Amino acid sequence: MKRRRIRIHSRNLGIDTEVRAFIGGGIPVLAFPTQDGMSNQWEDFGMIGTLAPWIDTGRISVFCVDTVDIRSWSNRHARKDFRSALQEKYFHYITEEVVPAVREAAGNPSAMPLATGCSMGGAHAALCLLRRPDLFGGVLGLSGAYDARYFTGGYMDPAWAANSGVDVVLTLPEQDAKLLRQRTIALCCGRGPGEETEIDATMKLEAGLRERKIDAWVDWWGTDVSHDWPWWKAQLSYFLPYVLEEMETNKSNGTIK
């Protein structure tokens, strides 16, 4: 695989950011770290090693991004409107700055990435697809924290609702819901230690998708499956072949341009 560090001075965030790229070809995978994590995390915790067979055979290229979670989602002492505004800027950073950089690095100006992540990273990944199904081809969410209320003490307003997957899905314009019915959605959550909040959020997101008649593969693993990297690596290895096959089929059928 070819390794690159892509530096972006974000006009949305007003800071320097980094995307760590592991380029093999095929479908670009946009990988979000867990809460407060940065672009080095997926390699440090072995996720890139887990993905190496697909990178080295040209099926995927992986792009790992920084976050600003520590100043937004995790910053419980700051004003809630500041935190939601910063998260909104981050969302626009991803969609307006990172996606074009990913497409350029992948050598495909129309590529529609697979968004993925674990825990808070899963929440970011789901927001990408739910809000911009015109930009993303699918999502693989592992133990996703899809309900913003967990981070706001139950508080909700329109700004937070726009960044809460369980709320976004219920207010989707029908044209976006129609696109989502043509995308690949796979969600997984264990039932073991540390997964309590994520179980609730995944159930809510599953119900919302079902209400909007959007197909999704939602898989529940056992009570021994904890909120931790060894399980996420196992889940990534299990789901990725199916997700890639469906995305490739959608592309060949013209569902994804």
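Presented here is a report on the structure given in the accompanying data block. (Residues numbered from 1 in each chain as written. Predicted model: local features only at pLDDT ≥ 70, side-chain atom pairs only at ≥ 80, totals over all residues. Heavy atoms only, no water.)

1. A few points about the nonpolar core
Then step 1. The biggest cluster of nonpolar side chains holds 44 residues, and the ones touching the most others in it are L30, F63, I94, V98 and F136.
Then step 2. Looking at which element gives the most residues to this core, the answer is helix 3 (residues 80-106), with nine residues.
Then step 3. Once residues within four sequence positions are removed from consideration, V98 is found in contact with I8, V19, L30, V65 and Y93.
Then step 4. The next biggest cluster of nonpolar side chains, apart from the first, holds 29 residues, and it includes L51, W54, L142 and W232. (Core = buried A, V, L, I, M, F, W, Y, C linked by side-chain atoms within 4.5 Å. Buried < 20%, exposed > 50% of the residue type's maximum accessible area, 1.4 Å probe, protein only. Helix = DSSP H or I, 4+ residues; strand = E, 2+ residues; numbered from the N terminus. Contact = heavy atoms within 4.5 Å.)

2. Concerning the packing of helix 3 against helix 4 (residues 120-131)
Then step 1. In the contact formed by helix 3 and helix 4, the axes pass within 11 Å of each other and the chain directions differ by 70°. Compared by their axis directions, helix 3 and helix 4 come out roughly perpendicular. The handedness of the crossing between helix 3 and helix 4 comes out as right-handed. Residue-level inspection shows Q87, E88, Y90, F91, H92 and I94 of helix 3 in contact with helix 4, the latter providing H124, L127, C128 and R131.
Then step 2. Class assignment for the residues of the contact of helix 3 with helix 4 results in five nonpolar, three polar and two charged. (Axes fitted to C-alpha atoms, helices over the stretch in contact; angles between N-to-C directions. Parallel < 35°, antiparallel > 145°, perpendicular 65-115°, else oblique. Left-handed = near helix turned anticlockwise from the far one by under 90°. Nonpolar A, V, L, I, M, F, W, Y, C, P; charged D, E, K, R; others polar.)

3. What to know about the packing of aromatic side chains
Then step 1. Using the criterion set out here, one finds 14 aromatic pairs in the structure.
Then step 2. Between W221 and W231, the ring centres sit 6.4 Å apart and the planes meet at 90°, which makes this aromatic pair edge-to-face. Of this pair, W221 sits in the loop between strand 8 (217-220) and helix 10 (229-252) while W231 sits in helix 10, and the two are 10 residues apart along the sequence.
Then step 3. Owing to a relative accessible area of 17%, W221 belongs among the buried residues under this scheme.
Then step 4. Taken together, the ring pairs connect W217, W221, W231, Y238, F239 and Y242 into an aromatic cluster.
Then step 5. For R76, the ring lying beneath its charged end belongs to Y150, and the centroid distance is 5.7 Å. (Phe/Tyr/Trp six-rings, centres within 6.5 Å; stacked < 30°, edge-to-face > 60°. Lys NZ or Arg CZ within 6 Å of the ring centre and 35° of its normal.)

4. A word on helix 2 (residues 47-56)
Then step 1. Counting buried positions along helix 2 yields seven of 10 residues, so the element is predominantly enclosed.
Then step 2. Where helix 2 is concerned, the buried positions are M47, I48, T50, L51, A52, W54 and I55.
Then step 3. Just past helix 2, the residue G58 takes up positive phi, approximately 80°.

5. Things to note about the sheet that holds strand 8
Then step 1. Pairing within the open sheet is mixed, and its eight strands lie in the order 1-2-4-3-5-6-7-8. In this open sheet, the two edge strands, each paired with only one partner strand, are strand 1 (2-9) and strand 8. Each adjacent strand pair in this sheet contributes to an overall mean axis angle of 15°, direction not counted.
Then step 2. Pairing analysis gives four bridges linking strand 2 (residues 16-23) to strand 4 (residues 60-65), with the strands arranged antiparallel. Following the sheet pairing, F22 is matched in strand 4 by V62.
Then step 3. Along the sheet face, helix 2 touches strand 2, strand 4 and strand 5 (114-118) and points at about 155° away from the line of strand 4.
Then step 4. Across the face of the sheet, helix 4 comes into contact with strand 3 (27-32), strand 5, strand 6 (138-142) and strand 7 (184-189) while running at roughly 155° to strand 5. (Pairing = 2+ DSSP bridges.)

6. Side note on the environment of T57
Then step 1. Here T57 is to be found in the loop between helix 2 and strand 4.
Then step 2. Looking at T57, the relative accessible area reads 57%, which means it is exposed.
Then step 3. Sequence separation between T57 and M1 is 56 residues, and the spatial gap between their C-alpha atoms is 8.9 Å.
Then step 4. At a separation of 3.4 Å, a polar atom in the side chain of T57 contacts the main-chain carbonyl oxygen of W54. (Polar contact = N/O pair within 3.5 Å; in protein donor to acceptor, adjacent residues only side chain to side chain.)

7. Notes on the pairing of strand 7
Then step 1. Taken across its six residues, strand 7 has six buried, putting it largely inside the fold.
Then step 2. In strand 7, alternate side chains face the same way, and those of T184, A186 and C188 on one face and I185, L187 and C189 on the other are all buried.
Then step 3. Sheet topology note: the strand 6/strand 7 ladder contains five bridges and is parallel. For V139, the partnering residue across the bridge sits in strand 7 and is I185.
Then step 4. Regarding topology, helix 9 (residues 196-211) serves as the crossover connection from strand 7 to the parallel strand 8, and that connection is right-handed. (Right-handed = clockwise from strand over helix to strand, strands pointing away.)

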